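Listed below are the residues making up each chain.
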Amino acid sequence: MKAPEGIGIRKYRKEMEKVLKPDRYEHSIGVAYTSAALAMRFGADVQKALIAGILHDCAKCLTHEEQLKICKKQGLPVTDAERKNLKLLHARVGAYLAEKEYGVTDPEILSAIRWHTTGRPGMTKLDKIVFLADIIEPNRRMFPEMTEIRDRIFADLDEGLKLTLSYLLEYLQKSGEEIDPTTEETWAYYRDGQDSAGNGS
Ligand code: FE
Ligand code: FE
């Protein structure tokens, strides 16, 4: 029998299984298929969603030191917020690795990986999908309000994004971690409805 369509992520999946810790790998599969489901629901490219999802945390297999080294060597900027909270760095380095190590050339996929941790004002539909799938995939238990958040996202991507950002900011504030100003800018942008012109969606 011929292989079914949608075999496109198999090679990335195998690569990720090799380099990621088991829990991170499971999470990545969760993000890939949740992204695909959201892409089906909201009319985005399902294959791109799968690939961005499976690869989004590809830089998590590297230590913070290794990630910093790549940034230095490749001339990738490291912001103050990233320096203070090195966990943030894997999004930027992940987009770099997706392109250089795994051969992804599609700018939409690379953008979704680049912005999956902080979001950004004016996200594309795929950016929004991967950002949200990272938070709501089945293995995640980040917020007690998970059911409400999932319901809202599947009902309305932008309303769901707004709700998720509000909970995310609250969660980050409570955690006492360094918050990337980009996340705050993203929240302000969507809270104030600046995306109503249909930017990216
Ligand atoms: Fe991540
Ligand atoms: Fe993730």
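Placed above this text is the structure.
Please read all numbers here as calculations on a predicted model, not as lab measurements.

Rules behind the numbers
- Residues numbered from 1 in each chain as written.
- Chains lettered and ligands numbered in written order.
- Predicted model: local features only at pLDDT ≥ 70, side-chain atom pairs only at ≥ 80, totals over all residues.
- Heavy atoms only, no water.
- Helix = DSSP H or I, 4+ residues; strand = E, 2+ residues; numbered from the N terminus.
- Buried < 20%, exposed > 50% of the residue type's maximum accessible area, 1.4 Å probe, protein only.
- Contact = heavy atoms within 4.5 Å.
- Areas by Shrake-Rupley, 256 points an atom, 1.4 Å probe, with all protein chains shown as cover.
- Lys, Arg positive; Asp, Glu negative; His and termini not counted.
- Charge placed at Lys NZ, Arg CZ, Asp CG, Glu CD.
- Expected span 1.5 Å × (residues − 1).
- Donors = N, O, S within 2.8 Å, 3.2 Å for Na, K, Ca; no water.
- Tetrahedral: all angles 85-135°; square planar, octahedral: opposite > 155°, others 65-115°.
- Polar contact = N/O pair within 3.5 Å; in protein donor to acceptor, adjacent residues only side chain to side chain.

Trainee: I'd like to hear about the overall build of the protein chain, residue by residue, with values.
Mentor: In terms of regular secondary structure, the protein chain is built from 11 helices and zero strands. Listing the helices and strands of the protein chain from first to last along the sequence gives α-α-α-α-α-α-α-α-α-α-α. Along the longest, intermediate and shortest principal axes, the C-alpha atoms of the protein chain span 45 × 45 × 30 Å. Residues classed as buried in the protein chain amount to 49% of the 201 residues present. Put simply, of all contacts in the protein chain between residues at least 6 apart along the chain, 60% involve residues at least 24 apart. In the structure as shown, the protein chain presents an accessible area of about 10,200 Å², 50% of it carried by carbon and sulfur atoms. Averaging the positions of the 30 positive and the 32 negative side-chain charges in the protein chain gives two centres separated by 4 Å.

Trainee: Quick rundown of helix H8 (residues 125-136)? Include the residues and the values.
Mentor: With 12 residues, H8 should reach 16 Å at 1.5 Å per residue; the first-to-last C-alpha distance of 16 Å fits that figure. The buried count for H8 comes to 11 of 12 residues, which makes it a mostly enclosed element. Along H8, the residues that are buried comprise Leu126, Asp127, Lys128, Ile129, Val130, Phe131, Leu132, Ala133, Asp134, Ile135 and Ile136. Contact partners of the buried residues in H8: helix H2 (22-42), helix H3 (46-55), helix H7 (107-114), helix H9 (146-155), helix H10 (157-175) and helix H11 (181-191).

Trainee: Give a description of the coordination of the iron ion (ligand 2) that names residues and reports values.
Mentor: Every protein donor of the iron ion (ligand 2) is listed here as His27 (NE2), His56 (NE2), Asp57 (OD) and Asp134 (OD), and their distances to the metal cover 2.2 to 2.3 Å. Coordination at the iron ion (ligand 2) is irregular: its four donor atoms span angles of 80 to 172° at the metal. Considered as a linear motif, the donors of the iron ion (ligand 2) on their single chain read H-x28-H-D-x76-D. In this structure the iron ion (ligand 1) is found 3.3 Å away from the iron ion (ligand 2), and Asp57 serves as a bridging donor for the pair. In this pair, His27 sits in helix H2 while Asp57 sits in the loop between H3 and helix H4 (64-74), placing the two residues 30 residues apart along the sequence. In this structure His27 comes out as buried when scored by relative accessible area, which is 7%. Residue Asp57 is classed as buried on the basis of its relative accessible area of 2%.

Trainee: Residue-level account of the side chain of Asp134, with values.
Mentor: Mapped onto the elements of the fold, Asp134 is located in helix H8. Overall, the relative accessible area of 8% leaves Asp134 in the buried class. A polar contact is formed between the side chain of Asp134 and the side chain of His56, at a distance of 3.1 Å. Setting aside residues up to four positions removed in sequence, Asp134 forms contacts with His27, Val31, His56, Asp57, His116 and Arg140.

Trainee: So what's going on with the coordination of the iron ion (ligand 1)? Residues and values would help.
Mentor: Taken together, Asp57 (OD), His90 (NE2) and His116 (NE2) make up the full set of protein donors to the iron ion (ligand 1), lying 2.1 Å away. Taken in sequence order, the residues that donate to the iron ion (ligand 1) follow the motif D-x32-H-x25-H. His90 sits in the buried class, given a relative accessible area of 5%. Residue His116 is classed as buried on the basis of its relative accessible area of 1%.

Everything listed here is a matter of geometry and, on its own, says nothing about what the molecule does.
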